[in-house]
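Okay, here's what each chain looks like letter by letter:
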Number of protein chains: 2
Amino acid sequence: MNIGEIARRAGVSRSTVSYALSGKRPVSDDTRQKIQRVIDELGYRPNASARALANGRTSTLGLVFPPAGTHYTGMQLDFIGSVVEAAAAYDYDVLLSPSGADSDRSFQRLLGERRVDGAILMEIRLQDDRIDHLVAENFPAVCIGRTAQPDGDWWVGLDHTALAAACVDHLADLGHRRIALVNRPERMLRAGYESAHRGLDGFTKAAAERGLTARTYNCGDDAPSGHVCVEQILRDDPATTALVTLNEAALGGIYRGLAAAGRHVPRDFSVTGVVAGRWAETVTPQLTAADVPAEQMGHLAVELLVERLDHPEAAPRHHLLTPPISLRASTGPAHTHPDAGPGSNA
Amino acid sequence: MNIGEIARRAGVSRSTVSYALSGKRPVSDDTRQKIQRVIDELGYRPNASARALANGRTSTLGLVFPPAGTHYTGMQLDFIGSVVEAAAAYDYDVLLSPSGADSDRSFQRLLGERRVDGAILMEIRLQDDRIDHLVAENFPAVCIGRTAQPDGDWWVGLDHTALAAACVDHLADLGHRRIALVNRPERMLRAGYESAHRGLDGFTKAAAERGLTARTYNCGDDAPSGHVCVEQILRDDPATTALVTLNEAALGGIYRGLAAAGRHVPRDFSVTGVVAGRWAETVTPQLTAADVPAEQMGHLAVELLVERLDHPEAAPRHHLLTPPISLRASTGPAHTHPDAGPGSNA
DNA sequence: TTGAAAGCGATACCAT
DNA sequence: ATGGTATCGCTTTCAA
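Because the structure is a prediction, the values reported are computed rather than measured.

Criteria and thresholds
Residues numbered from 1 in each chain as written. Chains lettered and ligands numbered in written order. Predicted model: local features only at pLDDT ≥ 70, side-chain atom pairs only at ≥ 80, totals over all residues. Heavy atoms only, no water. Helix = DSSP H or I, 4+ residues; strand = E, 2+ residues; numbered from the N terminus. Rg over C-alpha atoms; globule rule 2.2 N^0.38 Å. Buried < 20%, exposed > 50% of the residue type's maximum accessible area, 1.4 Å probe, protein only. Contact = heavy atoms within 4.5 Å. Areas by Shrake-Rupley, 256 points an atom, 1.4 Å probe, with all protein chains shown as cover. Lys, Arg positive; Asp, Glu negative; His and termini not counted. Charge placed at Lys NZ, Arg CZ, Asp CG, Glu CD. UniProt positions renumbered as here; feature names shortened; annotations may be inferred. Domains from an automatic or database assignment. Arc of directions from axis to C-beta. Axes fitted to C-alpha atoms, helices over the stretch in contact; angles between N-to-C directions. Parallel < 35°, antiparallel > 145°, perpendicular 65-115°, else oblique. Left-handed = near helix turned anticlockwise from the far one by under 90°. Nonpolar A, V, L, I, M, F, W, Y, C, P; charged D, E, K, R; others polar. Near = heavy atom within 4 Å. Polar contact = N/O pair within 3.5 Å; in protein donor to acceptor, adjacent residues only side chain to side chain.

### Considering the overall build of chain A
- For chain A, the helix and strand inventory stands at 14 helices and 12 strands.
- Taken against the 2.2 N^0.38 rule, which gives 20 Å for 346 residues, the C-alpha radius of gyration of chain A at 26 Å runs more than 25% over that of a compact globule.
- By its C-alpha atoms, chain A is 90 × 40 × 30 Å across when sized along the principal axes.
- Across the 346 residues that make up chain A, the buried fraction comes to 56%.
- For chain A, the proportion of contacts with a sequence separation of at least 24, taken over those separated by at least 6, is 72%.
- Element-wise, carbon and sulfur atoms account for 49% of the exposed surface of chain A, whose accessible area totals about 14,300 Å².
- Taking the 35 positively charged and 42 negatively charged side chains of chain A as two groups, their mean positions are separated by 4 Å.

### Notes on the UniProt feature "domain: HTH lacI-type" (unreviewed entry) in chain A
- UniProt's feature table lists "domain: HTH lacI-type" (unreviewed entry) at residues 1–55 of chain A, given in the numbering used throughout.
- Helix and strand shares over residues 1–55 of chain A are 71% and 0% respectively, and the end C-alpha atoms of the span are 20 Å apart.

### Quick word on the domain arrangement of chain A
- Assigned domains within chain A: domain 1 (3–55), domain 2 (60–158 + 294–323) and domain 3 (160–292).
- When each unit is reduced to the centre of its C-alpha atoms, the spacing between domain 1 of chain A and domain 3 of chain A is 60 Å.

### Points about helix 2 (residues 14–22) of chain A
Residue and element names in this part refer to chain A.
- Of the positions making up helix 2, those classed as buried are Thr16, Val17 and Ala20. Down the axis of helix 2, the smallest arc covering the buried residues is 100°, so these residues share one side.
- The elements touched by buried residues of helix 2 are helix 1 (3–10) and helix 3 (29–42).
- Trailing helix 2 by a residue or two, Gly23 shows a phi angle of about 75°, which is positive.

### Digging into the packing of helix 8 (residues 160–173) of chain B against helix 10 (residues 194–209) of chain B
All names here are of chain B.
- Orientation of helix 8 relative to helix 10, taken along the N-to-C sense of each, is 40°, at an axis distance of 7 Å. The angle between helix 8 and helix 10 falls in the class oblique. Relative to helix 10, the crossing made by helix 8 is right-handed. Residues His160, Thr161, Ala164, Ala165 and Val168 of helix 8 lie in contact with helix 10, whose contacting residues are Glu194, Ser195, Arg198, Gly199, Gly202, Phe203, Ala206 and Ala207.
- Class assignment for the residues of the contact of helix 8 with helix 10 results in 6 nonpolar, 5 polar and 2 charged.

### Points about the protein's contact with DNA strand C
- In the neighbourhood of DNA strand C, 28 residues make up the surrounding shell, with Ile3(A), Ser18(A), Thr16(B), Arg25(B) and Thr31(B) lying closest.
- Within 4 Å of the protein, the contacting atoms of DNA strand C are 53% sugar and phosphate, with bases supplying the remainder.
- The contact in question runs from a phosphate oxygen of DNA strand C to an N or O atom on the backbone of Asn47(A), over 3.2 Å.
- One of the backbone N or O atoms of Ser13(B) is found 2.8 Å from a phosphate oxygen in DNA strand C.
- Elements with a contribution of two residues or more to the surface near DNA strand C: helix 2 and helix 4 (48–55) of chain A together with helix 2 (14–22) and helix 4 (48–55) of chain B.
- Considered class by class, the residues forming the surface near DNA strand C number 12 nonpolar, 10 polar and 6 charged.

Here you go:
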């Protein structure tokens, strides 16, 4: 059933039905009602493909994120959920594209075949060929995260440098002198992931400024890797009394590794980091952390994208967020653990 | 740029370009190469809307799941990830629809406007108006979960009855005599969520068969509710020594509540349940649980849907899964806790 | 092996 | 206030 059928049954022309639906031209109350009655009766809905072809808009947003090589982190998943929800409020549907690279089939389909009106990108790298591509085509996109040169882009990002530094300061204030960073996997660092890079920067500089002894580690995005990483940290320097994690997926393993080594959190070891709030609250003890406001960021990204779609010539806008540290239960004053003596091995 | 432009530049007709692309009609090597050269040069990709309009297929699957009223559970998110990944392997994109009810705008768009070729539904209710609607329209869909009368449907589901029973048996085998069930929120039970209903059934019957004292609780889908729920359980019957949870999101709070009450897991309290495997491994101690194979289920659902799309007349198929209990670290032999004496209050 | 032209189902311009 | 019709970009039948 199509618009022609409706027109025929209502005894009007197709254009009149179209205008009655869109309201882009006045239609007499009489015919409007006649049309509406037929539509209700037949349960007619205009075909999205035909409409998209005719007016050049799909009413769909693309959400681009790397394929779940291993698994998604809670944070990534929170982004997805919030983007979908926000998009629905603007009557946009969301098309998911598991693409890490410019060359991915799904990414090409999204853009080249014009399946979406605009795109939101996650997991940004400092140099990101996907973004280069989008900019070159002047394709409306908004990034969750920012590249090394974000000035021409639309984005909503986190000040990872400041966040990691705030974690270090928090620990230093509590008297910790030997700390460690649990970063994302080395592969992500090499690929240029911005959070891993900027977080590392912030951690390193803040530790230097506060005169702390600091070591940095790369850790796989899963609990077992977190466990192994903690073992390594305590082996390298048993006097370590605190750590900062940028790696949410490893958190469970980090806690377990600490417990296995006989370090009680927060009595004789403090843990903090940059983690989505709701996941910080699932672990025991609850994590004191710079909460990533995933929900807010997803909403802002959609808001920016819709604005950009409505005003194609608008100047780039962005939001740089620096959420405060939420004090919970995983950090406390520094104490030296008995195992921390020289030559000992936890 | 469109197919006409390509045709002009290659000096052939539009139909020849189309056939060169689809391979549905032989094209001489010579012209094929000529066309391909032009296409590469201009970076041409056929417009998805036009193609969908012409041949009636969108190459898009819909994924329907309830809006994140509160937040998504890890399990739901795992489904989303695995469905997207599996769909990509078949060159389908996935359109997300946050719809809990037949009447949701997004759901209507998906079906009525024919934005997708088929749909995958999550969070199935025993009576589900979305499914009734789909069946009535003979719209190709596959459910993750099953209704009370699933025989005519395509689905991949879990035997929640058996899973809950297996948890009870496991606890009974360890000598536990007084146990509790932490179910999903009452709102979900009232709405008819199949996992909550069938799980409750399985738990209740198995407990009766093994002659256990069992209580059942509804619990909000978040950590704080889990904490409160445990307090309630221990208040109602301090002699309780184990619980089964169908509520993944409450798990963190359950652990915390137990710790706060001075019950050590698994020494003097055992916890088990039905939870997605990777989340069972993030908590400490790791949860002994019937692991929901979310990834496998997502893949199977896509596989079934693709099959159904390719063979519109095929008879309904389904997969009923009963994953075994993975023994981890959260259950142990029953001991009576000192606080469990009559009149005491942990 | 190839071309011409009729759809697919909407929108929107040009008439009346 | 309404109708007729060209148009969006592709697929596919019919002819040659």
